[in-house]
Amino acid sequence: MTTTPTDRRETRTQRLHDVMAARRRVARRVAEVASLDRDGLGRWAESALARTVAHARRNSPFYSCRIPDSLVKAVAADPEAFRSVPFTTRQDLAAAYPLGLLAVPLREVTRFDESSGTSDGSSIAAFFSADDWIENNLTVAHLLSAVLDGTDVVAVAVPYELAGVGQDLDRALELLGCTIVPLGAASPDCPPERMVRALRRSGATALVCSGTRALLLGEVARRSGLDPAGDLAVDKILTAGEGASPAKKALLSREWGASVYSMFGMTETNTLAMFCPRQDLHLVETRTYFEIVDPATGARLPDGETGELAVTTLAGRAMPLLRYRTGDTCRIEAEPCPCGSPLRRLRHRGRLGDRIAVGRGWASQLEIEDVVLGALTRPPYFFAFDVDGSVLDIALPPASAADGRTRDAIAAQADRRFGVGTRFGVLDVPAFEHALRTSAKPTMRNFLRTPGRRTP
């Protein structure tokens, strides 16, 4: 049978109608789950957990070899049996690269993302079907709407390459009717100076980036004669890509005259936690099942105790992950938030791999950041540190290094919190800034053993 141009146009039109109908179905599902109260959400999660385990066992080459049918049946009968599901690690994802975790036909994949993700730099792949992608976009839009609306101009200064965070935010912001300023991350076409000019020209009211990048942009603005709080319209900073200590959030709020909100996610999982209007970080339990486990034994810990965060995807068909150990040190708080959300709150305490033997025990880079940034009283708000036995070796910008009160405040807090002495040096600010400017994801990791430190 010969098809005519009219037949082909009608076929293409029907396909577009089918795509839109599928998106409406996803939107209804997202709205239904988002409307559940705490009890309803718990029942939904138990059912979704059983479906996820069955889907992974049936369709993922990786899990079909690890999950016996008997365990699938046990989880369906009793959610407590889920504790017997083996953990998945970042090394597992690297070993399965690129297609070992794909659980749908390749033709159904809408997005392929990558993250370096492992300590040796080996790649981790992430796959999303159309439904996976749209569902995350809609969920993020719903949660962003707590503080953003169609009157906002949002500058997005996160990576757009390979990892989907930039595109994901764009889609969600479009759904809210926001104006988007796509700054990107470390593109040579958009250095920090141009980013600042774009913030001013566009009248951006919100900035999405890592907290470290926001500190850098504030410094660049001051050097160009602008007061970030008085001359720029940014009144909301949404931090992504790194944890932020209380001191860093307070510093950003003061320097930019902005409310600071945290977001948390990973390339391989998409969004895991989002802010509420009260600036608390809530778990996205409408898409993911969360556990806190003992880093050494893997035993599950109750709410309120600190351990390693393990996650199980409940809404990702292309790449289901079961009990994925994130490497993040966290605590989950079950007490209701005053904002009224049924979603539990997350307290992020840094990466396990970033913990450093110091003084009487261990400290995270976020804890050291809290001590140093909490004492700095003048820009630039940069520092580097290392640990030399029982001494915390800290490099500060010249003016701060010469300030006795600043040094004394840091030394007193380091002794109180970590039981260590301190030694101060002078930070080579240009060399340090170069490291930040050329990093697509500047985070506190840049501050450990940073080149450019010299002694006075």
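The name an unreviewed UniProt entry gives the chain is Phenylacetate--CoA ligase family protein, with Streptomyces incanus as the organism.

Colleague: In this structure, what is going on with the nonpolar core? I would like to understand it.
Modeller: Side chains of a nonpolar character, in soluble globular proteins, are inclined to be buried together. Grouped together as the largest cluster of nonpolar side chains are 59 residues, with contacts concentrated most on L183, L199, L207, W256, I368 and L396. The dominant element in this core, judged by the number of residues it contributes, is helix α9 (residues 211-223), at six residues. Those residues in contact with W256 that lie beyond four places of it in its chain are L199, L207, A214, L217, G218, P228, A229, L232, V234 and I237. Judged by nonpolar contacts, the second largest core, of 53 residues, contains V30, V33, I124 and I332.

Colleague: I keep staring at the pattern of salt bridges and nothing clicks. Help me out?
Modeller: A complete count under the given rule lists 32 salt bridges for this structure. The closest approach of N and O atoms between R57 and D69, which form a salt bridge, is 3.4 Å. Taken as a pair, R57 in helix α2 (residues 38-59) and D69 in helix α4 (residues 69-77) lie far apart in primary sequence, twelve residues in all. Note that R83 and E80 form a salt bridge whose closest N and O atoms lie 2.8 Å from each other.

Colleague: Is there a simple way to think about the sheet that holds strand β5 (residues 206-209) in this case?
Modeller: The strands making up a sheet associate through hydrogen bonds between their backbones, and the pairing can be parallel or antiparallel. Strand order in the open sheet formed by five strands is β4-β3-β5-β6-β7, and the pairing between neighbours is parallel. Each edge of the sheet is formed by a strand with only one pairing partner; in this case those strands are β4 (179-182) and β7 (259-262). For this sheet the average axis-to-axis angle between neighbouring strands, irrespective of direction, equals 20°. As paired elements, strand β3 (residues 153-156) and β5 share three bridges and run parallel to each other. Bridge pairing in β5 places V156 opposite V208. α9 contacts β5 and β6 (236-239) of the sheet and is inclined by roughly 125° relative to β5.

Colleague: I'm lost on the packing of α9 against helix α15 (residues 429-437) in this one. Help?
Modeller: Where α9 contacts α15, the axes come no closer than 11 Å and their chain directions differ by 125°. When the axes of α9 and α15 are compared, the pair comes out oblique. Crossing geometry of α9 relative to α15 is assigned as left-handed. Contacts from T212, L216, E219, V220 and R223 of α9 reach α15 at V429, E433, L436 and R437. Looking at the contact of α9 with α15 residue by residue, the class counts come to four nonpolar, one polar and four charged.

Calculation criteria
Residues numbered from 1 in each chain as written. Predicted model: local features only at pLDDT ≥ 70, side-chain atom pairs only at ≥ 80, totals over all residues. Heavy atoms only, no water. Core = buried A, V, L, I, M, F, W, Y, C linked by side-chain atoms within 4.5 Å. Buried < 20%, exposed > 50% of the residue type's maximum accessible area, 1.4 Å probe, protein only. Helix = DSSP H or I, 4+ residues; strand = E, 2+ residues; numbered from the N terminus. Contact = heavy atoms within 4.5 Å. Salt bridge = Lys/Arg side-chain N within 4 Å of Asp/Glu carboxyl O. Pairing = 2+ DSSP bridges. Axes fitted to C-alpha atoms, helices over the stretch in contact; angles between N-to-C directions. Parallel < 35°, antiparallel > 145°, perpendicular 65-115°, else oblique. Left-handed = near helix turned anticlockwise from the far one by under 90°. Nonpolar A, V, L, I, M, F, W, Y, C, P; charged D, E, K, R; others polar.

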